[in-house]
Amino acid sequence: MSNLSELLPAGSSVKSADFVAQGTLASGLAVGLRSDGKVEAIGVASGTVGTPAVFLQSNVYDVKSTFDSYNNVVIVVYRRVSTGHGFAVIGAVSGTAISFGTPITFTTNTPTSLAVTYDSASYKVVIAYRDTSNNNYGTAIVGNVSGTPASNISFGSAVVYESASTQQTTASFDSTNNKVVIAYKDDANSNQGTAIVGTVSSTSISFGSAVVFETSNSEYFSACYDSVNGKTVIAYVDSGNDPSGGAVVGTISGTSISFGSPVHFGSSSMTYTSATYDVTNEKVVIAYADGTNTSGRAIVGTVSGTSISFGSPAVFEAASSSWVASAYEPTQGYHAIAYTATNGKIVEGRVSGTSISFVTAAEFVGNSTTNNTVTYDATNKKIAIAYRDAGNSNYGTGVVYSQSTTNVTSFVGITDQAISSAATGKVVCKGGAITNTGLLPLAETFGSKVVFEAAISNQRSSAFDSANNKIVIAYQDSGNSNYGTAIVGTVSGNSITFGTPAVFASHSMQYSSTVYDPDTQKIIISYRNSTSGSSGLAVVGTVSGTSISFGTAVEYAASSVFIQEAVYDTANNKVVITYDDVTQNATRSIVGTVSGTSISFGTAVSVNSNRGSDVSAAYDSANGKIVVAYKESSRGKARVGTVSGTSISFGGETNFSSGNLFWPTVVYDVQNEKTLIAFRDSDNSDYGTAVVGTVSGTSISFGSATVFNTGITQSIQGTYDSTNNVVALSYADNPNSNQGTAINGTISGTSVSFGSATVFNTTDTSGDPGAVISYDTNAKKLVYAFTDSGNSNYGTAIVGNLSNALTPNTAYFVQDDGTISTSSTSTKAGTALSTTSLLLTG
C-alpha cells in the first residue's frame, strides 16, 4: 500500500457540514468554530495594549530599561531634562497594567547615552552613561533594589571606565562568565567601536582593558548575550564605511573580551539597531531603521565560533521608522519590536530558520514617541514598554503589551467552497478528506545552478521553443570577443542540460532580445552591433536536437540602437521589434516577417515624439495588440500598437508612473487578459513596484501600483507561468547584497497580489540585464539565466518549480495565521493523500 488514499473506502472520503460564515471565506480556507456556532478564518489578531502609566510628569530623555529577575520588577532609567540629573524608577507589572514607584536619583551630574543591564549573579542593576559633567567620560554605577515589595534603589559610587569622551553606550550581561559588557563609541580614538568588561562586587564595579571591535566610525550600538554559544553579540552601524549594519561576536576570558571579524548586513543609512537573543531558535535578531528604504527591518543572525552569518532582512514596517527597541518573549517565542512610525507601534516577529515573519503591528500610543525601550517581564510573561510621550508634554510613560492571539485551537475544518459573510456553506470537517488545489500557497523551489558558458555572459535574453521543447539563451560571450552567442537547454526535472554554443554575431553584441515564432517554428534574436555603428540587427535560428543554427543577420536600423525588445504577434504572424533609437531621438518600432531562415522588415515608425529609454514590450493576445512601455522624461509611459501588414501604428500615450523609474518589464497574463508592468519606482525609495494595465481599443489604463519589494530593486525581468496563471518576476535585491530573487504575482481585476519572495542565487545577480526568465510549458518549469558573480560571472542557469502541491503521505499543520504547512504546531491539519487532497485529522 503506497498511498493513504487506499485506506479510504469508496464513497467515504468527504465528511462535511453546513456552517454560517463569520466574514467572507474563500474556498480551501482553514476555519475555526466560534462560540455562536459560526465559523471564521483562522488567523492572528494584533496584541493588546494596557493603559499607559506616567512615571515622570516632566520632560525625559535617554530612556532605557531592564528586568530585575530577583525582585521581579522593571527598572527604567532616564535623564530628567529640567535638572539634567539621572534617575531610576521601579515599575511593577500586574495583569495588563504597570505602576511606578518614586524616582530615585543615581547621579546629580548630567548623564547622556544611558544603558542599563541586570547582573543576575550579583542581583544588581548596572547603569552605564556618558558623564557630560565630567568631560564626557564613560561612567558606570551599580544599583541595589530592596524592599518587599521592591520600592527602593540604592547606589554605590560612580566608576569611570573610559577617561575620554564616549557616546552611544549599550550594555549586556554574560551569564556564563558573570560579567557585564559595555560597548561604546570612543570619541578620543577616532570614534572606533570599543568594548570593556566589568565585574560587579557589592555595589561597585571594576573594569578590565578596553578592546576595539570596529576600527571605523561606529554608532547605534546594541548588545545581547548568546547563552547557547556563550558569546556577546554587538550590533552597530558602521558609519565609516557603507554605512551599513555591522555585527561582531565577542568572547570573554577573565576580565577581557576578544572579537571575531566584523560582519556586515543590510543597506546604507541604517539607524537605531536593537539586538535580542532567541534562546528557542538559538538565533540573534537585529531590528533596525532602514533609512535607504524608509522602513523598519529585522534580520536573523547565526553565531558560529567567533563569527555570525545572516539570512535575508524582513520588513516589519513599510513606512519610515525610528527609535527601534526590542526584547524576546521566550514562552510564546516572539520578538517584540517597538518603534515609531508616525505613532508608537509594537510588532511581534517569529523566527523560522534564518528568516523572521511578523504579525500586524499594534499601536501602543496614538501619537509620536521617542526613546522607546522594551523589556520582558519573565515573571508576569508580559512586555513592558517605556517611552517619551511626545503627545503628552514628553512625559516619561510606560505601558504593558500582551501577546497577540490566534484562534487556531478552534480549528474545525477547511471550507469546501467560497462562503459569503452570514451565508451558509460547506466545510469539510475533521475526519473527512478535502480536495482543493489551493490548500497551500504557491511556493518556488530551485534545482542546482548549471553553468552554460564558462565566461562572463552579459546581455542575455531567452525564449522557449515549444515545437522542440527547448530553452534558447542568447548572450554576449566575453570569452570570445563579446560575440553574440546562443545555446540550447533541455529541462529535465529540476535541472537543465545544454548543448554546444553557437555564434550568431561574429562581432561585439549588446542588448539581445529573443522571441519564438510558433508559425515558422523559429527563434528570432534581435540585437545591437556594438562594433559597427551600433546598428540594429535580427537573425533567425533553427533548433535541431540540442543545437541551433542561424541564417544571415538582417539590419533593421542603421545606427545608434540601444535597449530593444522583440515580441511575436500571433494574430498577424509577425515579429515586432521596439527599440531606443538615439539617431532619431525616439522610441521606434518595426515589423518583421520570417521566411525560412531569414527575416524582412517594413518601415520603422516612431512610438513617441521623444526618445524613450528602458524599452519593454509584450503581446496582448486577447486584443491582438502590442503593449510598449518605456521611460520618457523620467516617467513611465505606455502605448498600444496595432500591426497591419508590415507596419504598426500606436494609440495615445498613458502614464503608468508619475515619477522616475527604471527597468520596466512588461508581461502579459493570458488567463486574466491583462498586462503587468513591473519597475523600480525611484519616487518611492526605489521599491519594486507593479501596475496592471487593461487594453481597450488602442489605449491602455492602469490600476493602482502595488509594491512587491520594499528595498532598492534592480534588474527586473519577468515572464508568464501559464500553468499556475501567475506573473513570475526576478530581480536583484540591493539591500540583500543584490541576491537573485524570485516572486510571483496573481492578477485580479486591475490589481495584483504577490506571494513570498525566494532567493535563487545568494550572490550578486544584477549583471546586465539581471536574471532573464523563460517558461517551459512542456516541463512546466521556469528557467532563470544570469551571470553568477559568485562563480567568476559565468553564464549560469537554474530551474524553478512553482507549485502548491501537497506531498503525499506527509503531515500538515495549521499555523497561527491560518496557513497550512509542514511546520509542526500543536494543531495538526491532517495527512496528504495526494498532491491535492488532505485527510483531516479526526
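Residues numbered from 1 in each chain as written. Predicted model: local features only at pLDDT ≥ 70, side-chain atom pairs only at ≥ 80, totals over all residues. Heavy atoms only, no water.

Along the protein chain, the regular secondary structure elements total zero helices and 77 strands. Considering only C-alpha atoms, the protein chain reaches an extent of 95 × 70 × 50 Å along its principal axes. When the accessible surface of the protein chain is totalled, it reaches about 29,400 Å², and 43% of it is carbon and sulfur. Across the protein chain, the 38 positively charged side chains and the 55 negatively charged ones have centroids separated by 3 Å. (Helix = DSSP H or I, 4+ residues; strand = E, 2+ residues; numbered from the N terminus. Areas by Shrake-Rupley, 256 points an atom, 1.4 Å probe, with all protein chains shown as cover. Lys, Arg positive; Asp, Glu negative; His and termini not counted. Charge placed at Lys NZ, Arg CZ, Asp CG, Glu CD.)

Across the eight residues of strand E35 (residues 382–389), eight count as buried, placing the element largely inside the fold. Where strand E34 (residues 369–377) lies against E35, seven bridges are found, and the strand directions are antiparallel. Bridging from a neighbouring strand, Tyr376 pairs with Ile383 of E35. Count of turn residues in the E34/E35 antiparallel hairpin: four residues, of which Lys381 carries a positive phi of about 55 degrees. As defined by bridge partners, E35 adjoins strand E36 (residues 395–402) across seven bridges and the pair is classed as antiparallel. For Ala386, the partnering residue across the bridge sits in E36 and is Gly398. Hairpin remark: E35 followed by E36, antiparallel, with five residues in the connecting loop; positive phi at Ser393, about 60 degrees. (Buried < 20%, exposed > 50% of the residue type's maximum accessible area, 1.4 Å probe, protein only. Pairing = 2+ DSSP bridges.)

Our focus in this paragraph is the side chain of His335. Topologically, His335 is positioned in strand E30 (residues 334–341). Of the residues examined, His335 reaches a relative accessible area of 0% and is grouped as buried. A polar side-chain atom of His335 sits 2.9 Å from a polar atom in the side chain of Thr276. Within polar-contact distance, the side chain of His335 engages the side chain of Asp278 at 3.1 Å. Those residues within four positions of His335 in sequence are excluded, and the remaining contacts are Thr276, Tyr277, Asp278, Val285, Ala327, Tyr328, Val347, Glu348, Gly349, Val351 and Ile356. (Polar contact = N/O pair within 3.5 Å; in protein donor to acceptor, adjacent residues only side chain to side chain. Contact = heavy atoms within 4.5 Å.)

What follows concerns the sheet that holds strand E76 (residues 828–832). Strand order in the open sheet made by the five strands is E40-E77-E76-E74-E75, with antiparallel pairing throughout. The open sheet has two free edges, formed respectively by strand E40 (433–435) and strand E75 (820–821), since each of these has just one partner strand. Where E76 meets strand E77 (residues 837–840), three bridges bridge the pair, whose relative direction is antiparallel. Considered in E77, the bridge of Gly830 is made with Leu840.

Limitation: the analysis is restricted to geometry and does not speak to function.
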